[in-house]
Amino acid sequence: MDGPLNSGLDIGMLGGGLAGLALASLLAGRGHRVTIYERDRAGGKLRRERVGGLAFDTGPSLFTFPGVWQAFLRRLGEADPLALQPLPGGLGIHHTPFGAVPLPVPPGHPLSAAWEGYRAKVGPLAPHIVPLLTTPPRLTDPVFLRASRALFRVVGPHPTAEGWIRAQKLPPALAHAIRTHALNAGLSPADAPALYALIPALVGAEVYRPVAGMGALLDTLIEYATARGVQLREGAEVTGLKGATLTLNGGEVAQYDLLVSALDPHRLATLRGSPIVSLRSKRTVSGVAIYAALPEAAPLPATSVIPPSDFQTFRAAIRAGALPPDTLALVHADGRKLAVLLTAPATACPLGLDHPWVRAQVARVERTLGMPGRLASADDVLALTPAHYAAGGHPGGAIYGAALPFWRGGPLHPQPHRLTTRLWQVGTGVHPGGGIPAILGGAMMVDTLLAEAQKKALPVKGGPG
Ligand SMILES: Cc1cc2nc3c(=O)[nH]c(=O)nc-3n(C[C@H](O)[C@H](O)[C@H](O)COP(=O)(O)OP(=O)(O)OC[C@H]3O[C@@H](n4cnc5c(N)ncnc54)[C@H](O)[C@@H]3O)c2cc1C
């Protein structure tokens, strides 16, 4: 890098989703001047919507690996304002073709011995999961080395989630329920790294939600950013990028010492004039998220999971960009609020409530949960489709962006944090399996790497990109 050591850089952040907001706070906390450009409203996939007079927080609904959040707070020097509440029933009831499986499996359940055996195998990895999610993957870092050794010891010679699950010879119902969690990577079990087969054991009953709802996470991140002087410009879409200079809708041009993209990497590539997406490129799944205000509370557990009846058929359809005959559905019930999340291929399809596939999947969910016609009785319904997710993210609406092959997925592979000296990236498309823990952990990694890079030398405004 060129130039003298500055005390603080002018940093332009592209995208005001959770990742952009989290990293902006960390960077501003180090004395940098950060401006966030957000094309829409801050929050990205986490949006506050009103449906039938009720307040819904869209996007993430389960807060897992709270140790990552606590590590993020420690770095900022903040106390935890979220009051995370454990969700009753943990990861929920999984309605497999072999019977219903609650995860975690409670003592006394016919599957509890098999569950305890599975948990015991994964247990040694548990103390390393937060370091794994927050430490840049470098063979020179002893924390990363210890954590990755622990992961390899558990995973053994089975690189994919499917391979690992098969090798455990679990009862079919438990194996089917565990397979579902490969979708945390946005991938079918045969495509997801083995780590994702370990998630139910690592999470156990530690599934949370802020007492004031997920929107409280968004409010908190905005508050941390603005308290540190971050400028948040909503409705400001970046339309072009060259070096560390960006152009906005309306023609405004702004030059920075450094840019950080918290956008989907395909989207960023398009802004840089090099679109890399093709219809054949592999991508993680998208979804249809249905938020319904019911006339009265549905008698359902907090979380129900309806897996595809056959993961091979599901995988073949998703890989071909076709609609799977029966898909993975997650159902969250909270009083009169009901959320039904259907997994769909990332083809930017406007799969609305009237689409025959959506109707068939909703009917399957309602049948499985013993509540036929429940959605039709709703006072009001909002459906967010792959076309919605494509509008602000990956061009096909892939929730976690492009699909990496399993040997590149997961936290072990060095992610493309630094594209050029002056352009870095963070967020869900960069940190595979990019739910909240991966995003916050990824923001911490980029913060660490940028601080190290700054110690060595700094880029200056106008220098080579
Ligand atoms: C239905 C659903 C359920 C989920 N459930 C969970 C869950 O239970 N637990 C969990 O941990 N995670 C969950 N996730 C995943 C989690 O919500 C996302 O991974 C996370 O919110 C992504 O954050 P991000 O900041 O990386 O990306 P995004 O939220 O996509 O943010 C990117 C931002 O960039 C903006 N942008 C795009 N282009 C431009 C441009 N040119 N100029 C300026 N701004 C631009 C967009 O408007 C957007 O605000 C779920 C996601 C979905 C969709």
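Residues numbered from 1 in each chain as written. Predicted model: local features only at pLDDT ≥ 70, side-chain atom pairs only at ≥ 80, totals over all residues. Heavy atoms only, no water.

- Looking at an unreviewed UniProt entry, the protein carries the name Dehydrogenase, with the source organism given as Deinococcus aerolatus.

1. Examining the environment of Gly-250
Turning to step 1, where the next piece is worked out: When you line up the elements, Gly-250 lands in the loop between strand S11 (245-248) and strand S12 (253-255).
Turning to step 2, where the next piece is worked out: Each C-alpha atom, one on Gly-250 and one on Thr-239, is 9.2 Å from the other, the two residues being 11 residues apart in sequence. (Helix = DSSP H or I, 4+ residues; strand = E, 2+ residues; numbered from the N terminus.)

2. Regarding the nonpolar core
Turning to step 1, where the next piece is worked out: Judged by nonpolar contacts, the single largest core of 92 residues is most densely connected at Trp-69, Phe-72, Leu-198 and Val-260.
Turning to step 2, where the next piece is worked out: In this structure, this core is formed jointly by two domains, domain 1 (10-48 + 61-83 + 213-277 + 404-456) and domain 2 (88-206), each of which donates at least three residues.
Turning to step 3, where the next piece is worked out: In contact with Leu-198, other than residues within four places in its own chain, are Tyr-118, Val-122, Leu-125, Leu-151, Val-154, Val-155 and Trp-164.
Turning to step 4, where the next piece is worked out: Ala-298, Ile-306, Ala-333 and Val-362 belong to the second-largest nonpolar core, a separate cluster that totals 23 residues. (Core = buried A, V, L, I, M, F, W, Y, C linked by side-chain atoms within 4.5 Å. Buried < 20%, exposed > 50% of the residue type's maximum accessible area, 1.4 Å probe, protein only. Domains from an automatic or database assignment. Contact = heavy atoms within 4.5 Å.)

3. Considerations on the packing of helix H1 (residues 18-29) against helix H14 (residues 436-456)
Turning to step 1, where the next piece is worked out: At a closest axis distance of 9 Å, the pairing of H1 and H14 adopts a crossing angle of 35°. Crossing handedness for the pair H1 and H14: right-handed. Contact with H1, carried on its side by Leu-18, Ala-19, Ala-22, Leu-23, Leu-26 and Leu-27, involves Ile-436, Ile-439, Leu-440, Ala-443, Met-444, Val-446, Asp-447 and Leu-450 of H14 and no other residues of that element.
Turning to step 2, where the next piece is worked out: Considering only residue class, the contact of H1 with H14 consists of 13 nonpolar, no polar and 1 charged. (Axes fitted to C-alpha atoms, helices over the stretch in contact; angles between N-to-C directions. Left-handed = near helix turned anticlockwise from the far one by under 90°. Nonpolar A, V, L, I, M, F, W, Y, C, P; charged D, E, K, R; others polar.)

4. Focus on the sheet that holds strand S7 (residues 99-103)
Turning to step 1, where the next piece is worked out: Spatial ordering of the open sheet is given by S7-S6-S15-S16-S17-S14-S18, a layout of 7 strands whose pairing is mixed. Of all the strands in the sheet, the pair left with one neighbour each is S7 and strand S18 (380-384). Between one strand and the next, the sheet's axes are offset by a mean angle of 15°, whatever the strand orientation.
Turning to step 2, where the next piece is worked out: Bridge count for strand S6 (residues 92-96) against strand S15 (residues 303-306) is 2 bridges, and the pairing is parallel. Along S15, the bridge assignment pairs His-94 with Val-305.
Turning to step 3, where the next piece is worked out: Packing against the sheet, helix H7 (residues 172-179) makes contact with S6 and S7, and its axis sits at approximately 55° to S7.
Turning to step 4, where the next piece is worked out: Across the face of the sheet, helix H12 (residues 356-368) comes into contact with S6, strand S14 (286-293), S15, strand S16 (329-334) and strand S17 (337-344) while running at roughly 125° to S17. (Pairing = 2+ DSSP bridges.)

5. Quick notes on the pattern of salt bridges
Turning to step 1, where the next piece is worked out: Within this structure, the stated rule accounts for 18 salt bridges.
Turning to step 2, where the next piece is worked out: Residues Asp-447 and Arg-75 are paired through a salt bridge, measuring 3.0 Å at the closest nitrogen-oxygen approach. Of this pair, Asp-447 sits in helix H14 while Arg-75 sits in helix H2 (residues 66-76); the two residues are 372 residues apart in sequence, bridging distant segments of the chain.
Turning to step 3, where the next piece is worked out: A residue is classified by how much of its surface remains accessible, and Arg-75, at 34% relative accessible area, is partly exposed.
Turning to step 4, where the next piece is worked out: For Asp-191, the salt bridge goes to Arg-319, with nearest N and O atoms at 2.7 Å. One end of the pair, Asp-191, is in the loop between H7 and helix H8 (199-203); the other, Arg-319, is in helix H11 (residues 311-319), and 128 residues separate them in sequence.
Turning to step 5, where the next piece is worked out: The structure contains a network of salt bridges with shared partners spanning Asp-40, Arg-41, Arg-47 and Glu-49. (Salt bridge = Lys/Arg side-chain N within 4 Å of Asp/Glu carboxyl O.)

6. Brief notes about the UniProt feature "transmembrane region" (unreviewed entry) in the protein
Turning to step 1, where the next piece is worked out: With numbering aligned to this structure, UniProt lists the feature "transmembrane region" (unreviewed entry) at residues 12-29.
Turning to step 2, where the next piece is worked out: Its end C-alpha atoms 15 Å apart, residues 12-29 is made of 67% helix and 17% strand. (UniProt positions renumbered as here; feature names shortened; annotations may be inferred.)

7. Observations regarding the packing of aromatic side chains
Turning to step 1, where the next piece is worked out: One pass over the full model with this rule turns up 7 aromatic pairs.
Turning to step 2, where the next piece is worked out: Residues Phe-63 and Trp-69 carry aromatic rings whose centres are separated by 6.1 Å and whose planes lie at 75° to one another, so their mutual orientation is edge-to-face.
Turning to step 3, where the next piece is worked out: Here Trp-69 falls in the buried class, since its relative accessible area comes to 0%.
Turning to step 4, where the next piece is worked out: Look at Phe-311 and Phe-314: their rings are 6.4 Å apart centre to centre, the planes differ by 80°, and that puts the pair in the edge-to-face class. With Phe-311 and Phe-314 both in helix H11 and 3 residues apart, the pair spans about one turn of that helix. (Phe/Tyr/Trp six-rings, centres within 6.5 Å; stacked < 30°, edge-to-face > 60°.)

8. Some details on the pairing of S7
Turning to step 1, where the next piece is worked out: With 5 bridges connecting them, S6 and S7 associate as antiparallel partners. Bridge pairing in S7 links Thr-96 to Gly-99.
Turning to step 2, where the next piece is worked out: What sits between the antiparallel neighbours S6 and S7 is a turn of 2 residues.

9. What to know about the packing of H2 against H14
Turning to step 1, where the next piece is worked out: Remark: H2 packs on H14, axes separated minimally by 9 Å, with the N-to-C direction vectors making an angle of 35°. Seen along the crossing, H2 lies across H14 with a hand that is left-handed. When H2 is examined against H14, the residues Val-68, Trp-69, Ala-71, Phe-72 and Arg-75 are found in contact with a partner set consisting of Pro-437, Leu-440, Gly-441, Met-444, Asp-447 and Thr-448.
Turning to step 2, where the next piece is worked out: Within the contact of H2 with H14, the residues separate by chemical class into 7 nonpolar, 2 polar and 2 charged.

10. So, the domain arrangement of the protein
Turning to step 1, where the next piece is worked out: Splitting the protein by domain gives domain 1 (10-48 + 61-83 + 213-277 + 404-456), domain 2 (88-206) and domain 3 (286-345 + 351-384).
Turning to step 2, where the next piece is worked out: Distance between the C-alpha centres of domain 1 and domain 3: 30 Å.

11. Describing the sheet that holds strand S20 (residues 423-425)
Turning to step 1, where the next piece is worked out: The strand order S9-S2-S1-S13-S20-S19 describes an open sheet built from 6 strands, whose pairing is mixed. The open sheet terminates on both sides in strands that have one partner only, identified here as strand S9 (231-234) and strand S19 (418-420). On average, each strand axis in the sheet is tilted by 20° relative to the strand beside it, whichever way the strands run.
Turning to step 2, where the next piece is worked out: Where strand S1 (residues 10-14) meets strand S13 (residues 258-261), 4 bridges bridge the pair, whose relative direction is parallel. Directly across from Leu-14, in S13, lies its bridge partner Ser-261.
Turning to step 3, where the next piece is worked out: Along the sheet face, H14 touches S13 and S20 and points at about 155° away from the line of S20.

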